[in-house]
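The residues making up each chain are set out below.
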Amino acid sequence: ANLLYQYILRPSTTTSNRGYAAIAEARTVLEHELETIRTGGTWKGERIITSKQGPHINVDGSHGDILNFCANNYLGLSSHPQVVEAGIEALKKYGAGLSSVRFICGTQDIHKDLEQKLAQFHEREDCILYASCFDANAGLFEVLLGPDDAVLSDELNHASIIDGIRLCRAKRFRYKHMDLNDLETQLKESQSSRLRLVVTDGVFSMDGDMAPLKGICDLAEQYGAMVFIDECHATGFMGPRGRGTDELLGVMDRVHIVNSTLGKALGGAAGGYTVGPKPLIDLLRQRSRPYLFSNSLPPPVVGCATRAVELLLASNEIAQSVGDKTMRFRNKMTEAGFTISGSDHPICPVMLGDARLASLMADDMLKLGVYVIGFSYPVVPKGKARIRVQISAAHTDQDIDRAVDAFIQTGRKHGVVS
Ligand code: PLP
């Protein structure tokens, strides 16, 4: 039988032997790479959630109700009954998906309606939807900026901005994190460029710190540059009406382009978008590669996001609902002796320093029924490991107090607080 297989049944040619050798070699290389990650202590495991997203979840391998303190579900809309209902209605009326990109046969009235509502929400001329904000960031810079132009980017901007900038042919200038003096130096150096764009996260997701947008806009105006912000961690809850960091800092009319996500505060399903001047949005529809070459947002996703935006347009109450809870957590943790970085943002990084400590403490927190995650290098700088807590409007005061108690208990066990 062996001979039969070897000489007759097996599609044995020199080429397939080489193919086998190639994949075997690749396996060895991949296993080696995986081992490096494991031994480096930066392996990212995935805990399995067996319920819907919310402040209280079920986690495979843990008993009962677990408090979730690490979702970007800032407004608690991810499983909000009205948001879910709108998704079901859209699914029934408009189907599961479009099987098309937007310009072929993938644009429904609900896509246009959501774009119009997002433009209205951000008080910008027009809006274009993408499958994600990662795509919005990947698709913007290449279309707007050419070799005669320059992009000036904060060194700690999100990975998707960095990738998007890599794809464009503009000259690149990187300024030190939130450093206006360094930005000014780079603006002076890039003076000869045709168009210039200053690019920053509105809120930086690892530290919960906020870009100094007023200073950035002042400098941009002085040197004739445009301003772009990524508002993924601000849309829906920063500013009196939740419009974002630009509203909070009083510069809505001085920031020219905003990218943001539907995958965090605005229902959490998926999707991203750009809002800005109409000619830019028109050109993105013609040229932006992630828009032209990727499927339309599915109707249920559009339905959920639309209802989330409608809720925020109808009342400022939801946008305001996370502020007090954030302060409760920050104050109680600081009183207990923890160091929380960032600026009054629901991202509350509990600074621990050591990567192993952050990971062990997060495991112990889960044993006490609180789901949090340790962040270490390369996601944050070496020696600055932390547990990043994120507060949601859906957390009750009791939930927050329970989390603080669990932090105190595990913090004492590991000698972080006394
Ligand atoms: N920009 C920032 C600052 C983010 O934090 C994220 C998500 O982690 C993204 C962009 C990407 O957003 P999306 O999940 O919609 O692709």
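Scroll up to find the structure.
Scope of this entry: the structure provided in the associated data block.

Parameters and conventions
- Residues numbered from 1 in each chain as written.
- Predicted model: local features only at pLDDT ≥ 70, side-chain atom pairs only at ≥ 80, totals over all residues.
- Heavy atoms only, no water.
- Pairing = 2+ DSSP bridges.
- Helix = DSSP H or I, 4+ residues; strand = E, 2+ residues; numbered from the N terminus.
- 1 Å grid on protein atoms, 1.4 Å probe; cavity = no way out; pocket = protein on both sides within 12 Å on 5 of 7 lines; lining within 4 Å.
- Points joined across faces, edges and corners; volume = space filled by probe spheres on them.
- Nonpolar A, V, L, I, M, F, W, Y, C, P; charged D, E, K, R; others polar.
- Buried < 20%, exposed > 50% of the residue type's maximum accessible area, 1.4 Å probe, protein only.
- Axes fitted to C-alpha atoms, helices over the stretch in contact; angles between N-to-C directions.
- Parallel < 35°, antiparallel > 145°, perpendicular 65-115°, else oblique.
- Left-handed = near helix turned anticlockwise from the far one by under 90°.
- Contact = heavy atoms within 4.5 Å.
- Phe/Tyr/Trp six-rings, centres within 6.5 Å; stacked < 30°, edge-to-face > 60°.
- Polar contact = N/O pair within 3.5 Å; in protein donor to acceptor, adjacent residues only side chain to side chain.

Before going further, it helps to examine the sheet that holds strand E1 (residues 56-57). Strand order in the open sheet formed by three strands is E1-E2-E13, with mixed pairing between adjacent strands. Looking along the sheet, the strands with just one partner apiece sit at the ends: E1 and strand E13 (370-371). Judged from the two bridges that link them, strand E2 (residues 66-68) and E13 form a sheet pairing that is parallel. Its bridge partner being in E13, Leu67 is matched across the sheet by Val370.

Right, let's talk about empty space enclosed by the protein for a bit. Counting across every chain of the model gives two cavities of 30 Å³ or more. Of the voids in this model, the largest cavity is the one considered here, and its volume is about 80 Å³. If you trace the largest cavity, you find it lined by Arg102, His111, Leu129, Tyr130, Ala131, Pro290, Tyr291, Ser294, Asn295, Ser296 and Leu297. Sorting the residues of the lining of the largest cavity by element identifies strand E3 (126-130) and helix H12 (289-292) as the ones contributing at least two each. A class-by-class count of the residues in the lining of the largest cavity yields six nonpolar, four polar and one charged. As a volume, the second largest cavity reaches approximately 50 Å³. Taken together, Gln53, Gly54, Pro55, Asn68, Phe69, Cys70, Ala71, Asn73, Gln390, Ser392 and His395 form the lining of the second largest cavity. Looking at the lining of the second largest cavity, its residues break down into four nonpolar, seven polar and no charged.

The next point concerns the pairing of strand E11 (residues 272-276). Two faces make up the sheet, and in a regular strand the side chains alternate between them. Counting buried residues along E11, five of its five residues qualify, which places the element largely inside the surrounding structure. Burial along E11 is two-sided: Gly272, Thr274 and Gly276 facing one way and Tyr273 and Val275 facing the other are all buried. One ladder, built from five bridges, connects E3 with E11; its direction is antiparallel. Note on E11: the bridge partner recorded for Cys127 is Val275. Examined bridge by bridge, strand E10 (residues 257-261) and E11 share four bridges and lie antiparallel to one another. Directly across from Thr261, in E11, lies its bridge partner Gly272.

Moving on: the packing of helix H3 (residues 81-94) against helix H13 (residues 299-314). Relative to each other, H3 and H13 sit at 140 degrees, their axes nearing to 7 Å. Taken together, H3 and H13 sit at an angle that is classed as oblique. Remark: the crossing between H3 and H13 carries right-handed chirality. On H13, the residues touching Gln82, Val83, Ala86, Gly87, Glu89, Ala90, Leu91 and Tyr94 of H3 are Pro299, Pro300, Gly303, Cys304, Arg307, Ala308 and Leu311.

Across all of its chains, the model carries six aromatic pairs by this definition. A ring pair is formed by Phe69 and Phe329, whose centres lie 6.5 Å apart and whose planes are at 25 degrees; its orientation type is stacked. Remark: Phe329 occurs in helix H15 (residues 323-335) and Phe69 occurs in the loop between E2 and H3; sequence separation between them is 260 residues. The exposure class of Phe329 is buried, given its relative accessible area of 0%. Consider the rings of Phe141 and Phe228, whose centres lie 5.4 Å apart with planes at 70 degrees: the pair is edge-to-face. Linking Phe141 in helix H6 (residues 133-144) with Phe228 in strand E9 (residues 226-230), this pair joins segments that are 87 residues apart in sequence. Here Phe228 falls in the buried class, since its relative accessible area comes to 0%. Among the aromatic residues, those joined into a cluster by ring pairs are Phe69, Phe329, Phe338 and Phe407.

Quick look at the side chain of Arg254 now. Within the fold, Arg254 resides in the loop between helix H10 (245-248) and E10. A distance of 2.5 Å separates the side chain of Arg254 from the side chain of Asp218, its partner in a polar contact. Setting aside chain neighbours within four positions, we find Arg254 in contact with Lys214, Cys217, Asp218, Glu221 and Val227.

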